[in-house]
Amino acid sequence: MKDTFEEENPRKRWMGLLAKAPAGRVSALLDACIARPSFEWLRAPEIGSTMVQARAGGTGAPFNLGEMSVTRCALTLESGEVGHAYIQGRRKADAEAAALVDALMQTDAAEQVRTAILEPLAAEAAARRAARSSKAAATKVDFFTLVRGED
Amino acid sequence: MYVAVKGGERAIENAHAWLAEERRGDTKVAELTIEQIREQLSLSVHRVMAEGSLYDPDLAALAIKQSRGDLIEAIFLIRAYRTTLPRFGSSKPIDTGVMDCDRRISATFKDLPGGQILGPTFDYTHRLLDFKLAADGEVAEAPSRDVEPADVPHVTEFLNQEGLIEEAPHDDTMPPDLTREPLEMPADRALRLQALTRSDEGFTLGMAYSTQRGYGRNHAFVGELRIGSVPVEMEILELGFSIEIGEITLTECETVNQFTGSKTEPPQFTRGYGLVFGQTERKAISMALVDRALRWEELGEDSAGAPAQDAEFVLYHADNIQATGFLEHIKLPHYVDFQSELELVRKLRREAGAHQVQEAAE
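Quick notes on the rules
Residues numbered from 1 in each chain as written. Chains lettered and ligands numbered in written order. Predicted model: local features only at pLDDT ≥ 70, side-chain atom pairs only at ≥ 80, totals over all residues. Heavy atoms only, no water. Contact = heavy atoms within 4.5 Å. Buried area = accessible area lost by both parts, 1.4 Å probe. Salt bridge = Lys/Arg side-chain N within 4 Å of Asp/Glu carboxyl O. Polar contact = N/O pair within 3.5 Å; in protein donor to acceptor, adjacent residues only side chain to side chain. Helix = DSSP H or I, 4+ residues; strand = E, 2+ residues; numbered from the N terminus. Nonpolar A, V, L, I, M, F, W, Y, C, P; charged D, E, K, R; others polar. Pairing = 2+ DSSP bridges. Phe/Tyr/Trp six-rings, centres within 6.5 Å; stacked < 30°, edge-to-face > 60°. Buried < 20%, exposed > 50% of the residue type's maximum accessible area, 1.4 Å probe, protein only. Lys NZ or Arg CZ within 6 Å of the ring centre and 35° of its normal. Core = buried A, V, L, I, M, F, W, Y, C linked by side-chain atoms within 4.5 Å. Domains from an automatic or database assignment. Axes fitted to C-alpha atoms, helices over the stretch in contact; angles between N-to-C directions. Parallel < 35°, antiparallel > 145°, perpendicular 65-115°, else oblique. Left-handed = near helix turned anticlockwise from the far one by under 90°. Expected span 1.5 Å × (residues − 1). Disulfide = S-S within 2.5 Å.

Undergrad: Residues and numbers for the interface of chain B and chain A, please.
TA: Where interface size is quoted, it is often the accessible area lost as the parts come together. Facing 76 residues of chain B, the contacting portion of chain A comprises 55 residues. Here chain B and chain A share an interface that buries about 5,800 Å² over both sides, 56% of which is from carbon and sulfur atoms. Across the contact surface, chain B and chain A share 12 salt bridges. Across the pair Lys 12 of chain A and Glu 233 of chain B runs a salt bridge, and its minimum N-O distance is 2.8 Å. For the interface between chain B and chain A, the tally reads 34 residue pairs in polar contact (both at pLDDT 80 or more). By residue number, the principal contributor to the side of chain B that touches chain A is strand β5 (residues 241-257) of chain B, which donates 11 residues. Looking at the side of chain B that touches chain A residue by residue, the class counts come to 35 nonpolar, 17 polar and 24 charged. Across three bridges, the pairing between strand β1 (residues 39-55) of chain A and strand β2 (residues 87-90) of chain B is parallel. In the strand pairing of β2 of chain B, Thr 50 of chain A is matched with Gly 89 of chain B.

Rendered as structure tokens:
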């Protein structure tokens, strides 16, 4: 259900990918891919917080769990496209790179950016996740029953 | 009358300079980096994030370094920093059902879908000091195993299917926020859970333990304990849709509690809930037990008058920053207060003395 919704909105998907990338990674991929276009700030990078909500019992009424640090910014390219970023942590340079990628994905450079930045980010995230799950899987208990000689 | 006394500036400056030197310790020993603290003292970092109520591992590591490892002092630093941040908004309620689990165990069902995953646990270690860690040691990579992708459903869902456990029906009420409005009684469950998730681990553990020893006993089983990461999604007004803004590690504990029924509810299992930032297992289990104890009224139970059932007692004493602030202020100068006490005692003694002299004369 979630995946189909994300396919309907590719921008939602790539912004999430950019938000969760490790520190410095988006900048490095961006600079390897393309010369940074000039832009103007609509909102210069700003550090703040988001209150994370959870649900009682996992599914019940919401409650406030605590805050997380977030950096956001918005910029506009000379050609007019607007890029936004909301990323975890206090990372102004990473927010700038993420907003640039978001804006570039709306230009003719989209395919190049997708291949050189978004696809590697997605592959790296999947590899990190797989490495962790396979370590978790190695700690899964395989119960076996001892045969009791009572007959 | 309040009398300002000056003259401590030099002493205070010098005390802080010495503090900085003592914090650094022997300069022949390499200085700790923030990255070392974040990576190698990660459970301290998690506790500081949970009780500081701000998820940011680098900041928590910095606070631990600055506080010389005094975690309550570090939590204080994080709480103070937190108040300087503008709040961009609230996330959508996270879905722990889609957690990428590092650990997931149940004490109630052996063969549950998704399996018992031990994860990086201290359980089953022998609790013997490992002197190999005192020497430089290479760590072998942990074994891995091919993963069959499988859903990891919440354990309570199985009991729900039989109607044997109370449900936690979906609801979208905007929860109260004790960082914006002072905590007041009566506190509903949403407010209690917010207070408990940031409460002092030691206090919460003690309260939970008291219920196990019989003060408001509620017969808890750990239905499920899971640790792992979940995405955080927030509605972005300027975009008109929500995006994932990050990923956080959480510990979730659901207890299944015996319940013989009440005037309003049939006999069934009831639930306690614990959810805490980071890998914070002891705290999450404690929170679930205390949450359940505090629910006596809404479940129509009789109160045993136990401390853990008293919301006012628990919630007003669970915050280690409030407690520390009030406790430690008594070490600061109270010269004038004390001067008046001294005068009073001298006066009472003089009067008592005069009285005795008078009695002796009679």
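Undergrad: Describe the packing of aromatic side chains, with residues and values.
TA: Scanning all chains against the criterion turns up four aromatic pairs over all chains. Here Phe 63 of chain A and Tyr 273 of chain B contribute two aromatic rings whose centre-to-centre distance is 6.4 Å and whose plane-to-plane angle is 80°, an arrangement assigned as edge-to-face. Separated into two different chains, Phe 63 of chain A in strand β2 (residues 62-77) and Tyr 273 of chain B in strand β6 (residues 270-277) make up a pair that spans both. Neither residue differs from the other here; Phe 63 of chain A and Tyr 273 of chain B are each classed as buried. Residues Tyr 86 of chain A and Phe 88 of chain B carry aromatic rings whose centres are separated by 6.2 Å and whose planes lie at 85° to one another, so their mutual orientation is edge-to-face. With one member in each of two chains, Tyr 86 of chain A in strand β3 (residues 82-88) and Phe 88 of chain B in strand β2 form a pair that bridges those chains. Comparing Tyr 86 of chain A with Phe 88 of chain B shows no difference in burial state: the two are buried. Positioned above the aromatic ring of Phe 88 of chain B, the side-chain terminus of Arg 72 of chain A is 3.8 Å from the ring centre.

Undergrad: Which residues make up the nonpolar core, and what are the values?
TA: Grouped together as the largest cluster of nonpolar side chains are 99 residues, with contacts concentrated most on Leu 65 and Val 101 of chain A together with Ile 94, Ile 248 and Leu 250 of chain B. Both domains that furnish three or more residues to this core are identified here as domain 1 (9-82) and domain 2 (96-119 + 150-324) of chain B.

Undergrad: Which residues make up the packing of helix α4 (residues 57-66) of chain B against helix α5 (residues 71-82) of chain B, and what values do they have?
TA: Residue and element names in this part refer to chain B. At a minimum axis distance of 8 Å, the contact between α4 and α5 shows a crossing angle of 130°. Between α4 and α5, the angle falls in the class oblique. Seen from above, α4 lies across α5 with right-handed handedness. Side by side, α4 and α5 meet where Leu 59, Ala 60, Ala 63, Ile 64 and Gln 66 of the first sit next to Leu 71, Ala 74, Leu 77, Ile 78 and Tyr 81 of the second. Of the residues that constitute the contact of α4 with α5, the class distribution is nine nonpolar, one polar and no charged.

Undergrad: Before we move on, could you go through helix α9 (residues 281-294) of chain B and cite the residues and values that matter?
TA: Counted at 1.5 Å a residue, the expected span for α9 of chain B with its 14 residues is 20 Å, and the 20 Å between its end C-alpha atoms agrees. The complete set of buried residues in α9 of chain B reads Lys 283, Ala 284, Ser 286, Met 287, Ala 288, Leu 289, Val 290, Asp 291, Arg 292, Ala 293 and Leu 294 of chain B.

Undergrad: Lay out the state of the cysteines with the relevant residues and their values.
TA: Residues and elements named next belong to chain A. Applying the stated criterion to the full structure yields zero disulfides over all chains. The thiol sulfur of Cys 33 is not disulfide-bonded, and the nearest other cysteine sulfur, from Cys 73, lies at 18 Å. We classify Cys 73 as buried; its relative accessible area is 1%.

Undergrad: An account of the environment of Lys 20 of chain A is requested, with residue identities and associated values reported.
TA: Mapping Lys 20 of chain A onto the fold places it in the loop between α2 (10-19) and α3 (25-33). Excluding residues that lie within four positions of it along the chain, Lys 20 of chain A makes contacts with Arg 128 of chain A together with Glu 244, Gly 246 and Glu 247 of chain B. Among the polar contacts listed, one links the side chain of Lys 20 of chain A to the side chain of Glu 244 of chain B, at a separation of 2.5 Å.

Undergrad: Talk me through the packing of α5 of chain B against helix α11 (residues 320-329) of chain B; I want residue IDs and the actual numbers.
TA: Residues and elements named next belong to chain B. Across the interface, α5 lies against α11 with an axial gap of 10 Å and an inter-helix angle of 105°. Classified by the angle their axes make, α5 and α11 are roughly perpendicular. Across the interface between the two elements, Ile 72, Ile 75, Phe 76 and Arg 79 of α5 pack against Asn 320, Ile 321 and Thr 324 of α11. In the contact of α5 with α11, the residues fall into four nonpolar, two polar and one charged.

Undergrad: Give me the lowdown on the side chain of Thr 71 of chain A, citing residues and values where you can.
TA: Residues and elements named next belong to chain A. Within the fold, Thr 71 resides in strand β2. Overall, the relative accessible area of 0% leaves Thr 71 in the buried class. Engagement of the side chain of Thr 71 in a polar contact is seen with the backbone oxygen of Gly 89, the distance being 2.6 Å. Within the local environment of Thr 71, its side chain forms a polar contact with the backbone nitrogen of Arg 91, the two atoms lying 2.9 Å apart. Setting aside its immediate chain neighbours within four residues, Thr 71 contacts Glu 46, Ile 47, Ala 85, Tyr 86, Ile 87, Gly 89, Arg 90, Arg 91, Lys 92 and Ala 95.

Undergrad: Now, about unusual backbone geometry: what can you tell me, with residues and values included?
TA: Residue and element names in this part refer to chain B. At the junction of Met 185 and Pro 186, the peptide bond is cis and its omega measures out at -5° in the coordinates. Looking at where Pro 186 falls in the secondary structure, it is placed in the loop between α6 (156-161) and α7 (189-197). A positive phi angle is found at Arg 68, which is not glycine, with a value near 60°. Tracing the sequence through the fold places Arg 68 in the loop between α4 and α5. Look at Tyr 124: it is not a glycine, yet its phi comes out positive at around 70°. Within the fold, Tyr 124 resides in the loop between β3 (100-105) and α6. For Tyr 124, a relative accessible area of 67% gives the class exposed.

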